Protein chains: 2
Amino acid sequence: MTIGEEQALQQFRELDRKIKSYGEALGVLYWDLRTGAPRKGMESRSEAIGILSSEMFRLTTSDEMGELLDRLGERSVSDNLDEISRKLVKESKKEYDRSKKIPPKLNQEYVVLTSQAESYWEEAKENNDFAGFQPYLEKIIDYTQQFIDLWGVQGTRYDTLLDSYEPDMTTEQLDQVFGGLREKLVPLASAIAGSSYQPDTSFLRQTFPKDKQKDFSLFILQQMGYDFQAGRLDESVHPFATGLNPGDVRITTRYLPEDVTSALFGTIHEGGHALYEQNIMSELIGTTLCDGTSMGIHESQSRFWENVIGRSRPFWERYFGDLKERFPGQLDVPVEDFYRATNVVQPSLIRIEADELTYNLHIIIRYEIEKMIFNEGAKAGDLPEIWNAKYKEYLDITPTSYSDGVLQDVHWSGGAFGYFPSYSLGNMYAAQFTDTMERELPDMWSLVGKGDLLPIKEWLTDKVYKYGKLQTPAQLIQRVTGKPLDPSYLVRYLETKYKDIYKL
Amino acid sequence: MTIGEEQALQQFRELDRKIKSYGEALGVLYWDLRTGAPRKGMESRSEAIGILSSEMFRLTTSDEMGELLDRLGERSVSDNLDEISRKLVKESKKEYDRSKKIPPKLNQEYVVLTSQAESYWEEAKENNDFAGFQPYLEKIIDYTQQFIDLWGVQGTRYDTLLDSYEPDMTTEQLDQVFGGLREKLVPLASAIAGSSYQPDTSFLRQTFPKDKQKDFSLFILQQMGYDFQAGRLDESVHPFATGLNPGDVRITTRYLPEDVTSALFGTIHEGGHALYEQNIMSELIGTTLCDGTSMGIHESQSRFWENVIGRSRPFWERYFGDLKERFPGQLDVPVEDFYRATNVVQPSLIRIEADELTYNLHIIIRYEIEKMIFNEGAKAGDLPEIWNAKYKEYLDITPTSYSDGVLQDVHWSGGAFGYFPSYSLGNMYAAQFTDTMERELPDMWSLVGKGDLLPIKEWLTDKVYKYGKLQTPAQLIQRVTGKPLDPSYLVRYLETKYKDIYKL
């Protein structure tokens, strides 16, 4: 590269680092808001957040950024960049182009609309008032349609939305994988619902002291290899994980006295997200590539730890004793009973309360509805009816209210169309990674049974975590498993597990 | 004002608000660092702090700021500004001019020097190695001398430094007030040391459970009128208060199991700082005037609550029962014994462990030494000898090591010359405010004896807190008490209190 090109690269890397620093500062402010910031300071804090966010947006869309990206994006320069810089340029260019295509005035209107719509959605949900929310939903759909036109369509219109959350994912591919999944899971869920055997869960309905729950959460995180010198566990109403940098990846959980499994699996779930970000390679620290590569891959890690490991028989053969010890006399049941009780499958109305199996059907319903909106012109007013029909068809259950049906999720009020598929993609990626892991670490399950979880963390670090955003989800799954995403791994995993539990 | 002037005002106010927002965000990051941020995330966090600080500095010294200040500073415009805007322009101009006078390269060198010097100071203190720190101290003094030349001298060279912490304070005035104080306190401390009566403190040497200490700290804060919806109490190694905005003023304390008084008075002290910032008038929120007006006035509030109220006889007549209740069987002594035990006066070597009376002598020593450096050319190498001679003269005690003497404080390693006087100014302001309060609230001490502290908080809000930085310290003390700062109030307060306790 010429000296001028070298300078441009250095300038670009500094600009990227600056953007990342704003992101990190904002991350601390959001974490603080959700873990106990005093109520009366909110107004002033929101203003500070607004100012830092605007500045961050300004940097990502500045003329300086545009010029540097043009310069570094030229084939003759790009070919000579190191791998990290080349990927950084590519990602920044994508972000820059997407942002630049939206006129600032339109974006401003949309930000105001979605920030208002969330509180209207809350109110509508509380009052079971779909009609009250419908005008906002219509407007949000309308703006999103305009954005799709401005961003440009490759494939179908819905593909343009998917790309925000799962780069390169297409409706065509999702139709194929979700189709394969639905076809197998609907009859499986139905068979389970009709099974004469149902696990006993009565012993879970007790009061479990919060301090002991916390103690066990900390213990399990430590067992998973979560690094407490690079993170901390706090409490919040909605549990979350936030990676400020790999040396500071924080998680929160929520202790329900009457439900020992909620904080337990919640902590393991967030711990899975955290392991991903704690173990990104040091070369990516301070760059915008130091992050999970997609929502779907991120979910694959939380769901792998929560479900594949945390709801497995070997896991509880090893750890049930430790759990019982913390609640003397409260869990005097065979470990097999506990294992089955934490794996109950039950068709239900509410996504966030669903089990590992039917969860995917909740997602497929939302996916099909979003596709109908953007690819087939379904209107906001049609959604309650479509929603209810699909719940009847796939889960054999009908919402009794809008609040338990089409109004249950926050996502659409914020315009997050295209986000839902990530959750089931996570389940599918997780099952496919597990299949490879079982072959490459043949003693994997005996390790789990001995509580030796670190080799599993190491394997994931080596194959997935360390890459951050350096590879796309498609590249990652292909490299690690030797195949593109394939729903049959999840189907096989669920069939094997639940036919055993439900004696089918 | 013309439309152009109105626009300039609006632009200036927005710029000020932006600067304040950066300050608030940085405040959260610092609070987080000191209350449990994971160790491994520090490096990346420091970078983010550096980037936000630079941006904040850039905004305060930008050409835009310079032009707006020129425009709004013109007499014809300035006369038409509202009081808040006028004061904001004045303060911003002062900050702008001071910053602009230092060449960026010089400032950069100084920042690097002082950030390194702190760790060299730590090492030197640990190893009792003055010679190891001396070269850094020399350099820091040398840079500070250059800064004084660049900033310009009015009065003496040391005045230029004082102005950073206590606006408009002069060496001449400090000579007068500290002289008056020293003259009375040296013989008083000596009489106390020679008194045949000494309070019994043996019952304080027990183990006091931390959770009960915390419970009492929360109780006392609530009694003082600290608003927990506008703040929170956490733990840190060095207790502090930080006002992010009046709706979010946080304090920390430190619980020592073997010393019940440490967290107790520490909490009240930080609570005093917090009451100041929680009660700044709403018109100042979001501006850079929303802060304490000087270090001295800030200290006057922490010390008023800690010493004047918290170490008073009526306070313990009311609250000793509540304290005893939390430590059953541990404090079975008459309240008078507890009162006296928490007011022991004892000449000692270490400033931060000193009592309310001799503390001022520690400060006067440092003041006289700093003055010798900047007004009389004393050299770094001379300081240990000067230090020890002054401790012998004023406190009749000689340091046994550099670590217990000239190396004990962090301040000089960070270049904070001119800061020390604030602590004793705080004591003097507090005593003078108290004198006025006793006249304007004649039942003040019976209110304290009844635990009705809110009228005292209200009085301070009305007279001091609400003004934030709208008035200078000199304006404030004159308006509230009708007189300029006068050391005789503190002398009278200390003489009355300690002649009684020590039966002199």
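Here the residue numbers are simple positions, counted from 1 along each chain's written sequence. A letter from A marks each chain and a number from 1 marks each ligand, given out in the order of writing. The predicted origin of the model limits local features to residues at a pLDDT of at least 70 and limits the giving and counting of side-chain atom pairs to 80 or more, whereas totals for whole chains, interfaces and linings rest on all residues. For the side-chain quantities, the full set of heavy atoms in the structure was used; hydrogens and water were omitted.

(A) Summary view of the side chain of Glu5(A). When you line up the elements, Glu5(A) lands in helix H1 (residues 3–34). In contact with Glu5(A), other than residues within four places in its own chain, are Arg71(A), Leu72(A) and Val77(A). Each helix corresponds to a stretch of at least 4 residues labelled H or I by DSSP, and each strand to a stretch of at least 2 residues labelled E; elements are numbered beginning at the N terminus. In this analysis, two residues are considered to be in contact whenever any of their non-hydrogen atoms come within 4.5 Å of each other.

(B) Region of interest: the nonpolar core. Put simply, buried Ala, Val, Leu, Ile, Met, Phe, Trp, Tyr and Cys residues joined by side-chain atoms within 4.5 Å make one nonpolar core. Only protein chains enter the calculation, and the probe is 1.4 Å; a residue is then buried if its accessible area is under 20% of its type maximum, exposed if over 50%, and partly exposed in between. Counting 123 residues, the largest nonpolar core has Phe304(A), Trp305(A), Trp316(A) and Ile456(A) as the members making the most contacts within it. Once residues lying within four places of it in the same chain are set aside, the contact partners of Trp316(A) are Phe216(A), Leu264(A), Phe265(A), Gly310(A), Arg311(A), Leu323(A), Val335(A) and Phe338(A). One finds Phe133(B), Ile363(B), Met428(B) and Val480(B) within the second-largest nonpolar core, a separate group that totals 122 residues.

(C) View of the pairing of strand E3 (residues 248–253) of chain B. All names here are of chain B. With six of six residues buried, E3 is to be regarded as a mostly interior element. Every second residue of E3 is oriented toward a common face, with Asp-248, Arg-250 and Thr-252 on one face and Val-249, Ile-251 and Thr-253 on the other, all of them buried. Where strand E1 (residues 233–235) lies against E3, three bridges are found, and the strand directions are parallel. By the bridge assignment, Glu-235 is partnered in E3 with Thr-253. Between any two strands, at least two bridges found by DSSP are needed for them to pair. Alignment of strand E2 (residues 241–245) against E3, held across four bridges, turns out to be antiparallel. Each bridged residue has a counterpart across the sheet, and for Thr-242 the counterpart in E3 is Arg-250.

(D) Layout of the pattern of salt bridges. Any Lys or Arg side-chain nitrogen located within 4 Å of an Asp or Glu carboxyl oxygen qualifies as a salt bridge. Using the criterion set out here, one finds 65 salt bridges over all chains in the structure. Put simply, Asp462(B) and Lys466(B) hold a salt bridge, and the shortest N to O gap is 3.2 Å. Connected through salt bridges with shared partners, the residues Glu24(A), Asp248(A), Arg250(A), Asp32(B) and Arg45(B) form a single ionic network.

(E) Region of the structure containing unusual backbone geometry. Residues and elements named next belong to chain A. Even without glycine at this site, Asp-168 takes up a positive phi of about 70 degrees. Looking at the element boundaries, Asp-168 is found in the loop between helix H8 (157–165) and helix H9 (171–193). At Lys-503, a residue that is not glycine, the phi angle is positive and equals roughly 55 degrees. Locating Lys-503 in the fold gives a position in the segment after helix H21 (488–501). Assessed through its relative accessible area of 55%, Lys-503 is described here as exposed.

(F) Broad picture of the relation of the copies chain A and chain B. Least squares is the method for superposing the copies, and the C-alpha atoms it fits come from residues with pLDDT of at least 70 in both. Of the transformation superimposing chain A on chain B, the axial component is 0.1 Å and the angular component is 179 degrees, with the fit at an RMSD of 0.1 Å. The relationship between the two copies is best expressed as a two-fold rotation axis. Same-surface contact between copies: 100% of interface residues of chain A are shared with the interface of chain B.

(G) The arrangement of the UniProt feature "active site" (unreviewed entry) in chain A in detail. UniProt positions are given in the numbering used here, feature names are shortened, and annotations may be inferred rather than shown by experiment. UniProt annotation of "active site" (unreviewed entry) refers to Glu270(A) when read in the numbering used here. Relative to the helices and strands, Glu270(A) resides in helix H11 (residues 260–278).

(H) Expanded view of helix H6 (residues 104–126) of chain B. Residues and elements named next belong to chain B. The terminal C-alpha atoms of H6, which comprises 23 residues, lie 34 Å apart, in line with the 33 Å expected from a rise of 1.5 Å per residue. Taken together, the buried positions of H6 are Leu-106, Tyr-110, Leu-113, Thr-114, Ala-117, Trp-121 and Ala-124. Packing partners of the buried residues in H6 comprise helix H7 (130–151). Among the residues trailing H6, Asn-128 stands out with phi positive, at a value near 55 degrees. Under the convention used throughout, the expected extent of a helix is 1.5 Å for every residue step, that is, one less than its residue count.

(I) Quick look at the domain arrangement of chain A. All names here are of chain A. Each assigned domain of chain A is listed here: domain 1 (1–101) and domain 2 (202–343 + 442–474). For domain 1 versus domain 2, the distance between C-alpha centres works out to 31 Å. If you look at the interface, domain 1 gives 16 residues, while domain 2 gives 23 residues. When two components associate, each loses some accessible surface as probed by a 1.4 Å sphere; the sum of these losses over both components is called the buried area. In total, domain 1 and domain 2 occlude about 1700 Å² of area from one another, counting both sides; carbon and sulfur atoms represent 62% of this. The largest per-residue losses of area from domain 1 upon contact with domain 2 belong to Lys-20, Trp-31 and Lys-87, which jointly make up 37% of the total buried on that side. The interface formed by domain 1 and domain 2 includes zero salt bridges. Segment limits for the domains were obtained from an automatic or database-derived domain assignment.

(J) Spotlight on the environment of Asp159(B). All names here are of chain B. With respect to the secondary-structure elements, Asp-159 resides in helix H8 (residues 157–165). For the pair Asp-159 and Leu-174, spaced 15 residues apart in sequence, the C-alpha separation works out to 9.9 Å. What Asp-159 contacts, discounting residues up to four positions off in sequence, is Gln-154, Met-169, Thr-170 and Thr-171. Under this definition, polar contacts are N or O atom pairs within 3.5 Å; protein pairs additionally need one hydrogen-donor-capable and one acceptor-capable atom, and for neighbouring residues in sequence, both atoms have to be side-chain atoms. A polar atom in the side chain of Asp-159 sits 2.3 Å from the side chain of Thr-171.

(K) Structural view of a negative patch on the surface. Patches here: salt-bridge-free residues with over 30% relative accessible area, like charges joined within 9 Å, nonpolar side chains (Val, Leu, Ile, Met, Phe, Trp, Tyr) joined within 5 Å. Residue burial considers only the protein chains on display, and all accessible areas are found by Shrake-Rupley using a 1.4 Å probe. Note on charges: Lys and Arg go in the positive column, Asp and Glu in the negative column, and His and the chain ends are not counted at all. Positions of charges follow a simple convention, taking NZ of Lys, CZ of Arg, CG of Asp or CD of Glu. Together, Asp63(A), Glu64(A), Glu67(A), Asp70(A) and Glu74(A) make up a region of like negative charge exposed at the surface. Mapped onto the elements of the fold, Glu74(A) is located in the loop between helix H3 (63–73) and helix H4 (75–78).

(L) Up close: the packing of aromatic side chains. Only rings of Phe, Tyr and Trp enter the pairing, Trp through its six-membered ring, and a pair is recorded when the two centres are within 6.5 Å. The plane angle decides the type: under 30 degrees is stacked, over 60 is edge-to-face, the rest tilted. Under the definition given, this model contains 59 aromatic pairs over all chains. Centroid distance Tyr197(A) to Tyr502(A): 6.4 Å. Interplanar angle 65 degrees. Geometry classified as edge-to-face. Pair noted here: Tyr197(A) is in the loop between H9 and helix H10 (210–224) and Tyr502(A) is in the segment after H21, with a separation of 305 residues, a long-range link. By way of ring pairs, the aromatic residues Tyr165(A), Tyr359(A), Phe374(A), Trp387(A), Tyr391(A), Trp412(A), Phe417(A), Tyr419(A), Phe420(A) and Tyr423(A) are connected into one cluster. When the ring centre of Phe240(A) is taken as reference, the NZ or CZ atom of Arg34(A) above it lies at 3.9 Å. Charge over a ring is defined by NZ of Lys or CZ of Arg lying within 6 Å of the ring centre and within 35 degrees of the ring normal. Over the ring of Tyr359(B) we find Arg303(B), and its NZ or CZ is 4.5 Å from the ring centre.

(M) Geometry of the interface of chain A and chain B. With 34 residues of chain A at the interface, the matching set in chain B holds 34 residues. A combined buried area of about 3000 Å² lies between chain A and chain B, and 50% of that area is made up of carbon and sulfur atoms. The largest per-residue losses of area from chain A upon contact with chain B belong to Pro38(A), Lys40(A) and Gln229(A), which jointly make up 17% of the total buried on that side. For the interface between chain A and chain B, the tally reads ten salt bridges. The partner of Lys40(A) in a salt bridge is Asp227(B), and the shortest N-O contact between them spans 2.5 Å. Here chain A and chain B share 25 residue pairs in polar contact (both at pLDDT 80 or more) between them. Those elements giving two or more residues to the side of chain A that touches chain B turn out to be H1, helix H2 (42–60), strand E2 (241–245) and strand E3 (248–253) of chain A.

(N) Up close: helix H6 (residues 104–127) of chain A. Taking 1.5 Å of rise per residue, the 24 residues of H6(A) would be expected to cover 34 Å, and the 35 Å separating its terminal C-alpha atoms lies within 8% of that figure. For H6(A), the secondary structure elements touched by its buried residues are helix H7 (130–151) of chain A.

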